[in-house]
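In case you want the letters, here they are:
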Amino acid sequence: MERRRQITEEDILMTEAMIARSYGRVKRSVMQAPSRAFSSAGETVRKHPFATAAAAVGAGIALFGLFRLMTRQGADAGSRERGSRPDMTREILSMIIPLAAPYVTGYLKDYMAKVFSGERD
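Starting afresh in each chain, residues are numbered from 1 along the sequence in its written order. In view of the model being predicted, local features appear only for residues whose pLDDT reaches at least 70, and side-chain atom pairs are presented and counted only at 80 or more, with totals across whole chains, interfaces and linings using the full set of residues. Excluding hydrogens and water, the side-chain figures rest on all heavy atoms present in the structure.

**Student:** An account of the overall build of the protein is requested, with residue identities and associated values reported.
**Tutor:** In terms of regular secondary structure, the protein is built from 3 helices and 0 strands. Relative accessibility under 20% of the residue-type maximum defines a buried residue, over 50% an exposed one, and the middle range a partly exposed one, all with a 1.4 Å probe and only protein chains included. For the protein, the proportion of its 121 residues judged to be buried stands at 2%. Using the Shrake-Rupley algorithm and a 1.4 Å probe, accessible areas are obtained, with residue cover drawn only from the displayed protein chains. Surface summary for the protein: the accessible area is close to 11500 Å², and the carbon and sulfur share equals 63%. The secondary structure listing takes helices from DSSP runs of H or I that are at least 4 residues long and strands from runs of E that are at least 2 residues long, numbered from the N terminus.

**Student:** Can you tell me about the packing of helix α2 (residues 49-71) against helix α3 (residues 88-117), naming the residues and giving the values?
**Tutor:** What counts as an axis is a line fitted to C-alpha atoms, over the stretch in contact for a helix, and the angles between N-to-C directions run from 0 to 180 degrees. In contact at an axis separation of 13 Å, α2 and α3 are set at 165° when each is read in the N-to-C sense. With respect to α3, the element α2 is oriented roughly antiparallel. Crossing of α2 over α3 shows right-handed handedness. Between α2, through Pro49, Phe50, Phe64 and Phe67, and α3, the contact on the second element is made entirely by Met88, Thr89, Ile92 and Tyr107. Under the convention adopted here, Pro, Cys and the residues Ala, Val, Leu, Ile, Met, Phe, Trp and Tyr are nonpolar, Asp, Glu, Lys and Arg are charged, and Gly plus all remaining residues are polar. Here the contact of α2 with α3 is built from residues that sort into 7 nonpolar, 1 polar and no charged. Note on terminology: angles under 35 degrees are roughly parallel, angles over 145 are roughly antiparallel, angles of 65 to 115 are roughly perpendicular, and the others are oblique. A crossing counts as left-handed when the near helix is turned anticlockwise from the far one by less than a right angle, and as right-handed when that turn is clockwise. Contacts between residues were defined by any pair of non-hydrogen atoms, one from each residue, lying within 4.5 Å.

**Student:** Summarise the packing of aromatic side chains; cite the residues concerned and give the values.
**Tutor:** Aromatic rings from Phe, Tyr and Trp, with only the six-membered ring used for Trp, were paired whenever their centres fell within 6.5 Å, and each pair was classed as stacked if the ring planes differed by under 30 degrees, edge-to-face if by over 60, and tilted otherwise. In this structure the tally under the stated criterion is 1 aromatic pair. Centre to centre, the rings of Phe50 and Tyr107 are 5.9 Å apart; their planes meet at 85°, and the pair counts as edge-to-face. Here the residue Phe50 occupies a position in helix α2, and Tyr107 occupies one in helix α3, the gap between them amounting to 57 residues. A relative accessible area of 55% places Phe50 in the exposed class.

**Student:** Describe in detail the layout of surface pockets, supporting the description with residues and values.
**Tutor:** Definitions used for this entry: grid spacing 1 Å over protein atoms alone; cavity, a set of points where a 1.4 Å probe fits but cannot get out; pocket, an open set with protein on both sides within 12 Å along at least 5 of 7 lines; lining residue, one with an atom within 4 Å of a point. Grid points are joined across faces, edges and corners, and a volume is the space filled by probe spheres set on the points. Taken as a whole, the largest pocket spans an internal volume of roughly 780 Å³. Lining of the largest pocket is provided by 20 residues; of these, Ala53, Ala56, Val57, Ala100 and Val104 occupy positions nearest its centre. Contributions of two or more residues to the lining of the largest pocket are made by α2 and α3. With 10 residues, the single largest contributor to the lining of the largest pocket is α3. Tallied by class, the residues present in the lining of the largest pocket amount to 17 nonpolar, 3 polar and no charged.

**Student:** Give me the lowdown on a nonpolar patch on the surface, citing residues and values where you can.
**Tutor:** Patches here are clusters of residues that have more than 30% relative accessible area and form no salt bridge, with a 9 Å joining cutoff for like charges and a 5 Å cutoff for nonpolar side chains (Val, Leu, Ile, Met, Phe, Trp, Tyr). Throughout this description, the term salt bridge denotes a Lys or Arg side-chain nitrogen within 4 Å of a carboxyl oxygen of Asp or Glu. Residues Phe50, Val104, Tyr107, Leu108, Tyr111, Met112 and Phe116 make up a contiguous nonpolar surface patch of about 710 Å² in total accessible area. Tallying contributions element by element places α3 first for the nonpolar patch, with 6 residues. Mapped onto the secondary structure, Met112 falls in helix α3. Judged by its relative accessible area of 36%, Met112 is partly exposed.

**Student:** Tell me about helix α1 (residues 9-47), residues and numbers included.
**Tutor:** Take the number of residues in a helix, subtract one, and multiply by 1.5 Å to get its expected span. Across its 39 residues, α1 extends 55 Å between first and last C-alpha, which sits within 8% of the 57 Å expected from 1.5 Å per residue. At any given residue, the bend is defined as the angle formed between two axes, one fitted to the seven residues that end at that position and one fitted to the seven that begin there. Of all the bends in α1, the largest measures some 35° and sits at Gln32, one to four residues before the proline Pro34.

Limitation: the analysis is restricted to geometry and does not speak to function.
Listed below in structure tokens is the structure:
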């Protein structure tokens, strides 16, 4: 039979301290996770702005296509006149353009300033 050492009060206190330290690390990690994710995403956007814009446009087109598939009515939808129904693409673009225009113009302004000042990457 194997002889085991008895658990002392010091062992229990050390275990509690280790658990508290581990819990503190988990808590700190959970609190820092969103900022790490956003900083990583922001860094990717700064490094690859055109690829990010292309991915956003692609995702928007995919979501719009999915939206159209989900809201498509039955077979009688094709028999209606095309002009009587408002164009969804035009409506969506008319809502998105005022929101995106300041960001696009700001980016283009900064990019053109770099180009003309000679600070290219």
